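Coordinates in review
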Amino acid sequence: MWAYIVRRLALASLAVAGVLVIVFFLSHIIPGDPVAAILGPQAPNDVIEDLRRRYGLDRPVPEQFYRFVARLVRGDLGDSLATHRPVIRDLREFLPATIELATAAILIGVLAGLSVGVISAVARGRPLDHAVRFLSLIGLSMPVFWLGLILLFIFYFKLNLVPGPGQLDIFLSRPPTVTGLITVDALLARDFATLWNALGHLLLPAVVLGSHALVGIARITRASMLEVLGQDYVKVARAKGLSERTVVLKHALRNGLLPIITVIGIYYGGLLEGAVLTETVFAWPGLGRYATSAILSQDFAAIMGVTILIALVFSLANLLVDLAYGFLNPKIRYE
Amino acid sequence: MNQAVAAPTTVAAQRAQRRRLISRALANPLSLAGLLIIGLLLLVALIAPWLSPYDPIQTNVPRRLEAPSGEHLFGTDQLGRDILSRILYGSRISLRIAVLTAVIATLLGAPLGLISGYFRGRVDDLLMRLTDMFMAFPRLILAMAIAAALSPTLENVIIAISLAAWPAYARLARSVTLGLREENFVEAARALGASPLRILGRHVAPGVISPVVIQVSLDMGGIILTAAGLGFIGFGAQPPTPEWGVMISEGRTYITDQWWVSTFPGIAISLFVMGFNLLGDGIRDILDPRLRSVRG
């Protein structure tokens, strides 16, 4: 088991290192000069030259790469060209918003997806089942960013049921930072007005980001439940006179959970993708927007920082899923 | 993601299986509906110039942001262009992205997977570590980085998504090859002294093609959504191209009062993706009867 984890971690670090090399050279062949782009067309030449020297951009690319790695080993990601701050600090500031959004999204996706899937399986072939399957097909086919826009239009602009984009209303100030997660910090500060407002802001983007996961989990839950419900031990449980509720939730769901876990893992990775689009639509100050603006402004240090973080999170999530799989199903053993 | 499809062992059996699959796909209501939607979109893309009431690029600023009416069925956008015409022309772009990405990703992934699975050893290790690298990263974000490096144009979107998508097909091709290379008919060809190239090309490749093509068709919806996402955040096709993702992005500013600018292109994307998802569901039903919808 431990040997397996070590091997997987080694492979993952190899992959992350490879991604770094690819992205580094990719981002350095982008035509155009990021410094000139930041300073604007009016900037005198010597100022541009000066800034280029300061960020080491006047060096050959291989040398820049060597310097980058040397700094990385010391835990220094360099300074962002756009914000003029250490990239580490930027990441620390933007990461919590994404974690908050992604956690809320996966919670909604898992809870709603499991329930919808179980209901659909129990109602198999009935109108309710057909309705669920039709809706999930539509849900799977919609672009998330479009769904976000439409929901924002209906529930914010037309019905005014939820607050608009952003994490908080403008007139509210952030609770004192403890964890960086606004909802948790508000709770810790016992500031319930802020907590309520933050939850309201979180609702729509979390539903949008979690929608694909919800549909995917509902579909696999339905399929898995249908298979398990046909098994002999379920028939036995029914024959024993157990209530339908006990049969479905205790006997069937528990055994049907295995394939569902894998799918949850796959969708967790997908959340990072969806976050880029969802954060753009909802003006959510998270990692996705940071990555987008970094790539658009050719902010090398920021691009590399985001790359490392995303690749690490992604690889670790995959490893955790595999381990959870082995843990839940003793028949699978990793050497 | 990869659904290993049992590979039939002889060329004749493969051909028979393919024929069976096609006839069953036409008999399955899900995949038939999907095929109909895709066929309809193909037709629309083909005859877009004759269907479109207006020019998709020509601006007409005095008539900007007009609500849907008899004259402009889907209304006009911020530059007075007819949204219906832009959507009709946009189908050509989405179709081109989908088809070319599928072809390029398959052509990259399948041969590499074949080589990797057949020769094993160093080559295999190297290629698999390479796919690890690509798969250690979400597809959209990788495509964003590549598209930005290549400068955002339609062609580069296709290249970027293909580069981000091929590893999955390489892995699938590899796993099918691993099974096929132990088969008797491959063994026999080897014993007769056939060159590796001949064995791969004539005996192994035919068995690898159908599972890969099936997987590509299952992924097609995701590919179209990725392309639209790239267009939406500005890494894809650029205005004034009537790409659907770009159109949604342009309409964002007007969503409060002129909802039609963003809404109709979104419906078009959803419909297109739904066609491929329906087809995929049908194929999955046929290949894995345990998941079959109602009868079971």
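Residues numbered from 1 in each chain as written. Chains lettered and ligands numbered in written order. Predicted model: local features only at pLDDT ≥ 70, side-chain atom pairs only at ≥ 80, totals over all residues. Heavy atoms only, no water.

Residue and element names in this part refer to chain B. Residues at a pLDDT of 70 or more form 93% of chain B, whose mean pLDDT is 85. A low-confidence stretch, residues 1-6 stays under pLDDT 50, and its non-local contacts, those more than four residues away or across chains, total 14 contacts. Predicted complex metrics record ipTM = 0.85 and pTM = 0.86. (pLDDT = per-residue confidence, 0-100. Contact = heavy atoms within 4.5 Å.)

The next subject is a nonpolar patch on the surface. All names here are of chain B. Judged by side-chain polarity, Val-99, Leu-100, Val-103, Ile-104, Leu-107 and Leu-108 come together as a nonpolar surface patch covering roughly 460 Å² of accessible area. As for its position among the elements, Leu-107 is in helix 4 (residues 83-119). Exposure remark for Leu-107: the relative accessible area of 60% places this residue in the exposed category. (Patch = residues over 30% accessible without salt bridge, like charges linked within 9 Å, V, L, I, M, F, W, Y side chains within 5 Å. Areas by Shrake-Rupley, 256 points an atom, 1.4 Å probe, with all protein chains shown as cover. Salt bridge = Lys/Arg side-chain N within 4 Å of Asp/Glu carboxyl O. Helix = DSSP H or I, 4+ residues; strand = E, 2+ residues; numbered from the N terminus. Buried < 20%, exposed > 50% of the residue type's maximum accessible area, 1.4 Å probe, protein only.)

Turning our eyes to something else, we now look at the packing of helix 7 (residues 144-158) of chain A against helix 9 (residues 192-229) of chain A. All names here are of chain A. The contact between helix 7 and helix 9 brings their axes to 10 Å, and the two run at 145°. Crossing angle aside, the handedness with which helix 7 passes helix 9 is right-handed. On helix 9, the residues touching Val-144, Leu-147, Gly-148, Leu-151, Leu-152 and Phe-155 of helix 7 are Leu-204, Val-208, Ser-211 and His-212. Tallied by class, residues from the contact of helix 7 with helix 9 come to seven nonpolar, three polar and no charged. (Axes fitted to C-alpha atoms, helices over the stretch in contact; angles between N-to-C directions. Left-handed = near helix turned anticlockwise from the far one by under 90°. Nonpolar A, V, L, I, M, F, W, Y, C, P; charged D, E, K, R; others polar.)

Across the junction of Pro-239 of chain B and Pro-240 of chain B, the peptide omega takes the value 5°, indicating a cis bond. On the secondary structure map, Pro-240 of chain B appears in the loop between helix 9 (196-233) and helix 10 (244-251). Despite not being glycine, Ala-283 of chain A shows a phi value in the positive range, around 45°. Along the polypeptide, Ala-283 of chain A turns up in the loop between helix 11 (244-281) and helix 12 (287-296). We note that Arg-120 of chain B has phi near 50°; this positive angle belongs to a residue other than glycine. Here Arg-120 of chain B shows up in the loop between helix 4 and helix 5 (121-135).

Another point: the pattern of salt bridges. Where side chains of opposite charge bring their charged atoms close, a pairing between them can arise. In this structure the tally under the stated criterion is 19 salt bridges over all chains. Asp-281 of chain B is paired through a salt bridge with Arg-219 of chain A; the nearest N and O atoms lie 2.5 Å apart. A residue pair is termed interchain when its members come from two chains, as with Asp-281 of chain B in helix 11 (residues 260-287) and Arg-219 of chain A in helix 9. Here Asp-281 of chain B falls in the buried class, since its relative accessible area comes to 13%. Between Arg-86 of chain B and Glu-250 of chain B there is a salt bridge, and its shortest N-O distance comes to 3.8 Å. Note that Arg-86 of chain B is positioned in helix 4 and Glu-250 of chain B in helix 10, a separation of 164 residues in sequence. Each member of the pair, Arg-86 of chain B as well as Glu-250 of chain B, is classed as buried. Through salt bridges with shared partners, a single ionic network connects Asp-77, Arg-81, Arg-86 and Glu-250 of chain B.

With that out of the way, let us pick up the interface of chain B and chain A. The partner chain A presents 47 residues to the 46 residues of chain B that form the contact. Applying the counting criterion to the chain B and chain A interface returns one salt bridge. Sorting the residues of the side of chain B that touches chain A by element identifies helix 5, helix 6 (139-150), helix 9 and helix 11 of chain B as the ones contributing at least two each. A per-element tally of the side of chain B that touches chain A places helix 11 of chain B first, with 12 residues. Each residue belonging to the side of chain B that touches chain A can be placed in one class, and the counts come to 28 nonpolar, nine polar and nine charged.

Quick look at the domain arrangement of chain A now. Residue and element names in this part refer to chain A. Per the domain assignment, the segments of chain A are domain 1 (2-73) and domain 2 (93-328). A separation of 33 Å is found between the C-alpha centroids of domain 1 and domain 2. The interface of domain 1 with domain 2 comprises 20 residues on the first partner and 15 residues on the second. Summed over the shared surface of domain 1 and domain 2, the number is zero residue pairs in polar contact (both at pLDDT 80 or more). Elements with a minimum of two residues in the side of domain 1 that touches domain 2: helix 1 (2-28) and helix 4 (61-73). If you tally residues by element for the side of domain 1 that touches domain 2, the top one is helix 1, at 12 residues. (Domains from an automatic or database assignment. Polar contact = N/O pair within 3.5 Å; in protein donor to acceptor, adjacent residues only side chain to side chain.)

This part covers the packing of aromatic side chains. Residue and element names in this part refer to chain B. According to the stated counting rule, one finds 15 aromatic pairs over all chains in the structure shown. Plain terms: the ring middles of Tyr-118 and Phe-119 are 5.2 Å apart, the flat faces sit at 90° to each other, and that makes the pair edge-to-face. For Tyr-118, a relative accessible area of 6% puts it in the buried group. Looking at Phe-119, the relative accessible area reads 42%, which means it is partly exposed. Aromatic pair Phe-134 and Trp-166: ring centres 5.5 Å apart, planes at 65°, arrangement edge-to-face. (Phe/Tyr/Trp six-rings, centres within 6.5 Å; stacked < 30°, edge-to-face > 60°.)

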